[in-house]
Amino acid sequence: MTEAKEAILLVGGKGTRLRPLTVHTPKPMVPAAGVPFLTHQLARARAAGVEHIVLATSYLAEVFEPHFGDGSSLGLHIEYVTEQEPLGTGGAIRNVAAKLSSGPDEPVLIFNGDILTGLDIRALVTSHNDSGADVSLHLTRVEDPRAFGLVPTDATGRVTAFLEKPQTPEEIVTDQINAGAYIFRRSVIDTIPEGRPVSVERETFPGLLASGAHLQGMVDSTYWLDLGTPQAFVRGSADLVMGRAPSPAVPGRCGDRLVLETATVAADAKLTGGTVVGAGAVIGAGARIDGSTVLAGAAVEAGVVITDSLIGAGARIGSRTVLSGAVIGDGAQVGADNELRDGVRIWCGAVLPDASIRFSSDQ
């Protein structure tokens, strides 16, 4: 069997929907379960037999290489290609093709840098080889597919159409969506136009289908989550900690909490629901934190209650403050006795006085 020894990882997005988390940090480098989210993807690719990964970077590209280097610490050979102008998903794939060494018929794994998935990568490669496809797509089933691209298949799994974000009931012909991981026959990558923006979803795949190419879909409905919003990112991190989402890169045993070395947690503080406390962070007496992420160097003072929220690096949450579904940017200072709920985002470095907000929403 031909294994996929090479992979392209698309990590160029600006992460606009994740702000303020992504003001100083590109989305794949935001910590999930104690390490940059990208670490989980790299580790899962390595576990599936991938040896060489090319990162297609753009936004804040300069932060990736200092962290991962040549990839040897993960047992990988990592190279970096930076887009000067945004090229879209297809353009980004074509832009890094020169770094690949696979032969024309060999499989190349391609995946998006913002998807947390339990996909069996080896099974996708096997399906690709067995079907003789030009491109194989990981498909997953969702209850409400209107926000996604639908990918109907025939009885053999062969893709029959690509339907972008349907709205009417008549348009929703399947619950199968493009889940953001693909196997390309190496030679197909070279057919993508060079030097201009190309969407693999809107141009490359429909074009291949129209030309008679064989596109195969494999439905794998294990864990799948698009980490595009802060709420989804926090949930994904918690699911990694609790073992609901598989990753060989979680730095500790799976359970209700993950406290990194050098963090300080008061003896009577309660951490539940996959909560992560980053390096050097301090959790005060009587604090209750559920399903949340507290990044490095943040301070949570006594009696604070935090649910489904993310506290940025170096931020401070004053005593007795209540946060639910909130995102606090890096270095922000939230005074005592505040109450922030329902998608509130506090920008990096912002200062909220004591008792200044008792309830707010994102309306």
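Within an unreviewed UniProt entry, the label attached to the chain reads NDP-sugar synthase, and the organism entered is Streptomyces microflavus. According to the UniProt record, the Sequence similarities (unreviewed entry) comment for the chain reads "Belongs to the transferase hexapeptide repeat family."

Student: Go over the UniProt feature "domain: Mannose-1-phosphate guanyltransferase C-terminal" (unreviewed entry) in the chain, please, and point to the residues and values.
Tutor: Listed under "domain: Mannose-1-phosphate guanyltransferase C-terminal" (unreviewed entry) in the UniProt record, and renumbered for this structure, are residues 255–357. End-to-end, the C-alpha atoms of residues 255–357 are 34 Å apart, and along that stretch the chain is 0% helix and 40% strand.

Student: Just give me the short version of the packing of aromatic side chains, but keep the residues and values in it.
Tutor: Inspection of the entire model under this criterion finds five aromatic pairs. Seen from their ring centres, tyrosine 182 and phenylalanine 205 are 5.0 Å apart, and the 75 degrees between their planes marks the pair as edge-to-face. Highlighted residues: tyrosine 182 in strand E11 (residues 176–185) and phenylalanine 205 in helix H6 (residues 200–210), separated in sequence by 23 residues. Like phenylalanine 205, tyrosine 182 is buried. Put simply, the rings of Phe162, Tyr182, Phe184 and Phe205 touch in pairs and so form one group of aromatic residues.

Student: So what about helix H7 (residues 230–242)? Which residues, and what values?
Tutor: Look at H7: 18 Å from first C-alpha to last across 13 residues, which is about the 18 Å you get at 1.5 Å a residue. Counted residue by residue, H7 has ten buried out of 13 residues, so it is predominantly covered. Looking at the residues trailing H7, positive phi occurs at glycine 243, about 85 degrees.

Student: Could you give an account of the UniProt feature "domain: Nucleotidyl transferase" (unreviewed entry) in the chain, with specific residues and numbers?
Tutor: Under the local residue numbering, the UniProt record ascribes the feature "domain: Nucleotidyl transferase" (unreviewed entry) to residues 7–239. What you have in residues 7–239 is 26% helix and 25% strand, and the ends, taken at the C-alpha atoms, are 25 Å apart.

Student: Would you mind going over the environment of glycine 274 in detail, with residue names and values included?
Tutor: Tracing the chain through its elements places glycine 274 in the loop between strand E16 (270–272) and strand E17 (275–277). Note on glycine 274: relative accessible area 0%, which makes it buried. In this structure the C-alpha to C-alpha distance between glycine 274 and serine 237, which are 37 residues apart in sequence, comes to 7.4 Å. Not counting the four nearest positions on each side in its chain, glycine 274 is found in contact with Ser237, Ala238, Val241, Met242, Gly255, Asp256 and Ser292.

Student: Pulling in residues and values, what's your account of the environment of threonine 39?
Tutor: Structurally, threonine 39 is set in helix H1 (residues 37–47). On a C-alpha basis, the gap between threonine 39 and histidine 138 in space is 21 Å, while along the polypeptide they are 99 residues apart. If near-sequence neighbours (up to four positions away) are discounted, threonine 39 is found in contact with Phe68, Leu74 and Ala249.

Student: Mind laying out the nonpolar core, listing which residues take part and the relevant values?
Tutor: Counting 29 residues, the largest nonpolar core has Ile8, Ile110, Leu137, Phe184, Ile189, Phe205 and Leu215 as its most contacted members. Looking at this core, the elements that each hand over two or more residues are strand E1 (6–11), strand E4 (52–57), helix H3 (88–95), strand E6 (107–112), strand E8 (135–141), E11, helix H5 (186–189) and H6. Apart from residues lying up to four places away in sequence, isoleucine 110 is in contact with Ile8, Leu10, Ile93, Gly180, Ala181, Tyr182, Phe184 and Ile189. Of all hydrophobic cores here, the second largest spans 26 residues; its members include Leu9, Val11, Leu38 and Ala45.

Student: Please provide a residue-by-residue account of unusual backbone geometry, values included.
Tutor: Here the amide bond leading from arginine 19 into proline 20 is cis, since omega sits at 10 degrees, within 30 degrees of zero. Tracing the backbone shows proline 20 in the loop between E1 and strand E2 (31–32). In this structure, arginine 320 is a non-glycine residue whose phi angle is positive, near 70 degrees. Tracing the sequence through the fold places arginine 320 in the loop between strand E24 (316–317) and strand E25 (322–324). With a relative accessible area of 47%, arginine 320 lands in the partly exposed category. The backbone of aspartate 342 shows a phi angle near 55 degrees, a positive value even though the residue is not glycine. With relative accessibility at 43%, the residue aspartate 342 sits in the partly exposed group.

Conventions we followed
Residues numbered from 1 in each chain as written. Predicted model: local features only at pLDDT ≥ 70, side-chain atom pairs only at ≥ 80, totals over all residues. Heavy atoms only, no water. UniProt positions renumbered as here; feature names shortened; annotations may be inferred. Helix = DSSP H or I, 4+ residues; strand = E, 2+ residues; numbered from the N terminus. Phe/Tyr/Trp six-rings, centres within 6.5 Å; stacked < 30°, edge-to-face > 60°. Buried < 20%, exposed > 50% of the residue type's maximum accessible area, 1.4 Å probe, protein only. Expected span 1.5 Å × (residues − 1). Contact = heavy atoms within 4.5 Å. Core = buried A, V, L, I, M, F, W, Y, C linked by side-chain atoms within 4.5 Å.

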